[in-house]
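Descriptive analysis of the structure
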Amino acid sequence: MPPEDFLVQGRRILEWISEYLGSAGRYPVLARVRPGEVRASLAPSPPREGESLDDILRDFEERVVPGLTHWNHPGFLAYFANTASSPAILGELLATAVNANAMIWRTSPAATEVEGLTADWLRQLLGLPESFAGFINDTASHNSLYALAAARARAFPEAGEQGLHSLPAGRIYASEHVHSSIDKAVVTLGLGRRGVRHLPADDGYRMKPEALRAAIEEDLAAGVRPVAVVAVAGTTSTASIDPLPEIARICEEHGIWMHVDAAYAGVAAIVEELRPLLAGWERADSIVLNAHKWLFTPMDCALLYCRRPEALADAFSLVPPYLRTPEADEARDLMNYGVALGRSFRALKLWFVLRYFGGRGLADRLREHCRLASRFAEWAQASDRWQLMSSTLLGLVVFRYRDPEMGLDRNNQANERILDAVNASGDVFLSHTILDGRYVLRLSVGNLRTRREHVELAWRRLELEAARLK
Ligand SMILES: Cc1ncc(COP(=O)(O)O)c(C=O)c1O
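Residues numbered from 1 in each chain as written. Predicted model: local features only at pLDDT ≥ 70, side-chain atom pairs only at ≥ 80, totals over all residues.

Overview of the packing of helix α14 (residues 408–424) against helix α15 (residues 452–469)
Going by this rule: To obtain an axis, a line is fitted to C-alpha atoms, over the contacting stretch when the element is a helix, and the angle between two such axes runs from 0 to 180 degrees between their N-to-C directions. Working definition: helices are DSSP H or I runs of at least four residues, strands are E runs of at least two. Numbering for both runs from the N terminus. For classification purposes, an angle smaller than 35 degrees is called roughly parallel, one larger than 145 roughly antiparallel, one from 65 to 115 roughly perpendicular, and anything else oblique. Take the far helix as the reference: if the near one is turned anticlockwise from it by less than a right angle, the crossing is left-handed, and if turned clockwise, right-handed. C-beta atoms are first placed from the backbone for all residues, and any pair lying within 7 Å is then listed as a contact. By the convention adopted, Pro, Cys, Tyr, Trp, Phe, Met, Ile, Leu, Val and Ala count as nonpolar, Lys, Arg, Asp and Glu as charged, and the other residues, Gly among them, as polar.
Running from N to C, α14 and α15 point in directions that differ by 130°, and their axes come no closer than 9 Å. With respect to α15, the axis of α14 lies oblique. The crossing of α14 and α15 is right-handed. On α15, the residues touching Ala-414, Ile-418, Ala-421 and Val-422 of α14 are Arg-461, Leu-462, Glu-465, Ala-466 and Leu-469. Looking at side-chain class alone, the contact of α14 with α15 contains 7 nonpolar, no polar and 2 charged residues.

Focus: unusual backbone geometry
Omega for the peptide link from Met-299 to Asp-300 comes to -15°, which places this bond in the cis form. By the secondary structure assignment, Asp-300 is in the loop between α11 (291–294) and β7 (302–306). For Tyr-205, which is not glycine, the phi torsion reads 65° and is therefore positive. In this fold, Tyr-205 is placed in the loop between β3 (196–199) and α9 (209–221).

Considering the site of the ligand
Just so we agree on the cut-off: To decide whether a residue is near a molecule or strand, its C-beta atom is placed from the backbone and checked for lying within 6 Å of it.
With respect to spatial proximity, 14 residues lie near the ligand, and among them Thr-139, Ala-140, Ser-141, His-179 and Ala-263 are the closest. Considered class by class, the residues forming the shell around the ligand number 6 nonpolar, 7 polar and 1 charged.

Here's the deal with the environment of Val-227
Looking at the element boundaries, Val-227 is found in strand β4 (residues 225–232). The spatial distance from the C-alpha of Val-227 to the C-alpha of Ala-382 is 46 Å, given a sequence separation of 155 residues. Once residues lying within four places of it in the same chain are set aside, the contact partners of Val-227 are Ala-151, Arg-152, Ala-155, Gly-170, Arg-171, Ile-172 and Trp-257.

What about the sheet that holds β3?
What counts here: The criterion for strand pairing is that DSSP finds at least two bridges linking the strands in question.
The strand order across the open sheet built from 7 strands is β1-β7-β6-β5-β4-β2-β3, with neighbouring strands paired in mixed fashion. Both edges of this open sheet fall to β1 (133–137) and β3, since each of them pairs with a single strand only. Between one strand axis and the next, the sheet turns by 20° as a mean value, whatever way the strands run. By the bridge criterion, 4 bridges tie strand β2 (residues 170–175) to β4 in an arrangement that is parallel. Within β4, the position partnered with Tyr-173 by the bridge is Val-229. Together, β1 and β7 form the strand contacts of helix α5 (residues 109–126), whose direction differs from that of β1 by roughly 115°. Sheet strands touched by helix α10 (residues 244–254): β4 and β5 (257–261). Its angle to β4, the strand with the most contacts, is close to 165°.

Here we look at the sheet that holds strand β11 (residues 438–444)
Strand order across the open sheet formed by 4 strands is β8-β9-β11-β10, with antiparallel pairing between neighbours. Each edge of the sheet is formed by a strand with only one pairing partner; in this case those strands are β8 (386–388) and β10 (431–435). Neighbour to neighbour, the strand axes of the sheet diverge by 40° on average, direction disregarded. Here 5 bridges tie β10 to β11, and the two strands are oriented antiparallel to one another. Following the sheet pairing, Leu-435 is matched in β11 by Arg-438. Its contacts with the sheet put α14 on β9 (396–401), β10 and β11, and the angle it makes with β11 is roughly 30°.

Re helix α8 (residues 180–188)
Heads up, the condition is: Remark: C-beta atoms are placed from the backbone, and a residue is labelled buried if 20 or more other C-beta atoms sit within 10 Å of its own, exposed if 12 or fewer do, or partly exposed between those counts. Directions are taken from the helix axis to each C-beta atom, and the arc is the one they span.
For α8, the complete set of buried residues consists of Ser-181, Ile-182, Ala-185 and Val-186. Seen from one end, α8 has its buried residues packed into an arc of 140°, which puts them on one side. Along its buried surface, α8 packs onto α6 (140–155), β2, β3, β4 and β5. Gly-190 lies just past α8 and shows a positive phi near 80°.

Focus on the pairing of β9
Most of β9 is tucked away, with 6 of its 6 residues classed as buried. Neither face of β9 is exposed, since Leu-396, Val-398 and Arg-400 on one face and Val-397, Phe-399 and Tyr-401 on the opposite face are all buried. Pairing between β8 and β9: 3 bridges, direction antiparallel. Along β9, the bridge assignment pairs Trp-386 with Tyr-401. Here β9 runs beside β11; their pairing, made up of 4 bridges, is antiparallel. Each residue of the ladder has a partner; that of Val-398, found in β11, is Arg-442.

Thoughts on the packing of α9 against α10
Interhelical geometry of α9 versus α10 gives an angle of 20° and a closest axis separation of 9 Å. Classified by the angle their axes make, α9 and α10 are roughly parallel. Helix-helix and strand crossings are classified by hand; for α9 and α10 the assignment is right-handed. Residue-level contacts link Pro-209, Leu-212, Arg-213 and Ile-216 of α9 to Glu-246, Ile-247, Ile-250 and His-254 of α10. Looking at the contact of α9 with α10 residue by residue, the class counts come to 5 nonpolar, 1 polar and 2 charged.

Here's what the structure looks like:
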């Protein structure tokens, strides 16, 4: 594409993005397409001759965009909300343009060093000690896999050469509310499904330290080798935070790797008065948290902090002759800390976010989200129809419709019907989870553009649909 055409089309696309971001609320937040519909609307085979950008953009606007669920929509209150903020989009655009691949330092010194610096800036904002080295990968799922691979390398130093064959069984401990990515990591690491022990949680959906201690002691007596304890800071269902200081103490006593999955709640430590919720995580060996959840950075961008980067290198460093360089001793080659060789310049968008908002700007926005969630929780609490299902932590409210005259099944069906009807409105999108056999609703405030009016709209829609049940 000639540079003059690039400029014309680039301006046009930036205008489209600017208009889209300014009016994301005019789209139905939840896509209204049926499975297969988007694909069927597009050419089944690639063009033989190149096409004009006009034609490509027309298909994007008319066929792709209507098939999107709009995470940028201010009424997106499902899962853990996530926003593509404007500075992050611009940073991403530049990262794509320069096409840096930081597989080793030499292949992109600046991308390697900006990644280290950005992770370190965020570490400072979170108040974590300097002993944590930070890496930026795609997702919390992969980061947990890498951290647990490092823990496995430490628990089974022999496995690096001979594999796990003929070694004792290894175990990872987590509460029953741990994210499925941990189970997937354990299976991927060859520890089998039985390699995770899901411990019963307390009535706040947090790990019970005494259950952890008992499980470890039982395993040790049976010759099972503990590999790691995974504590969750912000469970997916209720944003509950496991008792981190007690878990740290048990891990320290037994010399077991402590991994903290703070994919959602970790960024709360940027807010001074919320930081104590995370106390104890500074004693972990590794921590994951997502910038692509509550830190206004678009997919994908997830941080891995590790106090033992050499254990990550033990698990993953395997340098073929063609990637050896004279500077390897003084520079960090990022390929040695995970599975992938190629590495995009993800740090740039996060660096833009940290600079553009600043620590105070980020904290103000996170605080406001917590305030909006608390308002919603107050409305639910004040109503006879609704029941809060866990204490409201951070930006998440977990609640359900409850008719005392109906049994569990009928109440569950009622909640499902309410959710479907509210989500069909196109104005707001909430999600659900199951807690102790109950179908419950989740409202998660985390989008940069969500204001009180959107949370009020969700409340009005819920009330309306609940009233319609009668
Ligand atoms: C607690 C927790 N851990 C891990 C994940 C997985 O995150 P990712 O999609 O970045 O792999 C999630 C996703 O919601 C989560 O809630």
